[in-house]
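Below are the chains, spelled out letter by letter.
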Amino acid sequence: MASSCAGMVSAASLSARRGVAGNGVAARKAAARAPVRAAFAVRAEAASVAAAKIRIRLKSFEVNHMKAACDKIIEAATSTEASISGPVPLPTKRRIYCVLRSPHVNKDSREHFETRTHHRLIDVHQPTAQTIDALMSLELPAGVEIEVKL
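Just so we're clear, the structure is a prediction, and the values are computed from it rather than from any experiment.

1. Some details on the overall build of the protein chain
Counting its secondary structure elements, the protein chain contains four helices and four strands. Secondary structure of the protein chain in N-to-C order comes out as α-α-β-α-β-β-α-β. Nonlocal contacts in the protein chain, meaning residues at least 24 apart in sequence, comprise 73% of its contacts between residues at least 6 apart. A total accessible area of about 11300 Å² is found for the protein chain, and carbon and sulfur atoms account for 57% of it.

If you want it as structure tokens, here you go:
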């Protein structure tokens, strides 16, 4: 039989593909990954140096509390000369609960209750240290959940 068939794969090439061949394969793989790791390191440094915006997401059951919280955040950010986009109203989520009016009889008689969760999104562009300090020292109304992303 001919030993130089094009379709046949030698045992040495299979072991090299699997990384069993030794340090030569591992060195080639590490050398191939080095530029990728360097690119990710540059991106991570650029992201940490230039925190271009702070995204604030608010949730509340009460619209009035939400409006008061948005006004306080906007006032604190504009007083430190940061630019703001928002508050952007996101879709309101309705959760409806169906409850029997009487626990033992009248299955057809039911009551419906609902909770509405209102969401707002505020972006603070080009924040400074004073902006972050002002936002951290705010006293917002109870019942407003705040999620901050840098």
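Text resumes after the structure shown.
2. Things to note about the nonpolar core
If you look at the biggest cluster of nonpolar residues, it comprises 15 residues, and the most contacted ones within it are I56, L58, I73, I122, V124 and L135. Elements with a contribution of two residues or more to this core: β1 (53-60), α3 (63-79), β3 (110-125) and α4 (129-136). Take this core: its biggest share by element is six residues, from α3. The residues touching I73, leaving out its near neighbours within four places in the chain, are I56, L58, I84, I122, L135, L138 and L140.

3. Quick word on the sheet that holds β3
Spatially, four strands are ordered β2-β3-β1-β4 in an open sheet, and the strand pairing comes out antiparallel. Where the open sheet ends on each side, the last strands, each with one partner, are β2 (83-100) and β4 (144-149). This sheet shows a mean twist of 15° between the axes of neighbouring strands, independent of strand direction. Pairing geometry for β2 and β3, over 14 bridges, is antiparallel.

4. Re the pairing of β1
Side chains I54, I56, L58 and S60 project from β1 onto a buried face, and the interleaved K53, R55, R57 and K59 project onto a face without burial. With eight bridges connecting them, β1 and β3 associate as antiparallel partners. From the neighbouring strand, I54 faces β3, where its bridge partner is V124.

5. With respect to α4
Each full turn of the α-helix corresponds to 3.6 residues, which orients residues three or four apart in the same direction. Every buried residue belonging to α4 is among T131, A134 and L135, and all of these are buried. Within α4, the buried residues cover an arc of 95° as seen down the axis, which keeps them to one side. Turned more than 90 degrees off the buried face of α4, the exposed positions are A129, Q130, D133 and M136. For α4, the elements touching its buried residues are β1, α3 and β3.

6. Brief notes about a nonpolar patch on the surface
Nonpolar side chains collect at one region of the surface, where Y97, V99 and F113 lie side by side and expose about 270 Å² of accessible area between them. Looking at the element boundaries, F113 is found in strand β3.

Criteria and cut-off values
- Residues numbered from 1 in each chain as written.
- Predicted model: local features only at pLDDT ≥ 70, side-chain atom pairs only at ≥ 80, totals over all residues.
- Heavy atoms only, no water.
- Helix = DSSP H or I, 4+ residues; strand = E, 2+ residues; numbered from the N terminus.
- Contact = heavy atoms within 4.5 Å.
- Areas by Shrake-Rupley, 256 points an atom, 1.4 Å probe, with all protein chains shown as cover.
- Core = buried A, V, L, I, M, F, W, Y, C linked by side-chain atoms within 4.5 Å.
- Buried < 20%, exposed > 50% of the residue type's maximum accessible area, 1.4 Å probe, protein only.
- Pairing = 2+ DSSP bridges.
- Axes fitted to C-alpha atoms, helices over the stretch in contact; angles between N-to-C directions.
- Arc of directions from axis to C-beta.
- Patch = residues over 30% accessible without salt bridge, like charges linked within 9 Å, V, L, I, M, F, W, Y side chains within 5 Å.
- Salt bridge = Lys/Arg side-chain N within 4 Å of Asp/Glu carboxyl O.

Note that every value here comes from positions in space, so none of it alone points to a role or purpose.
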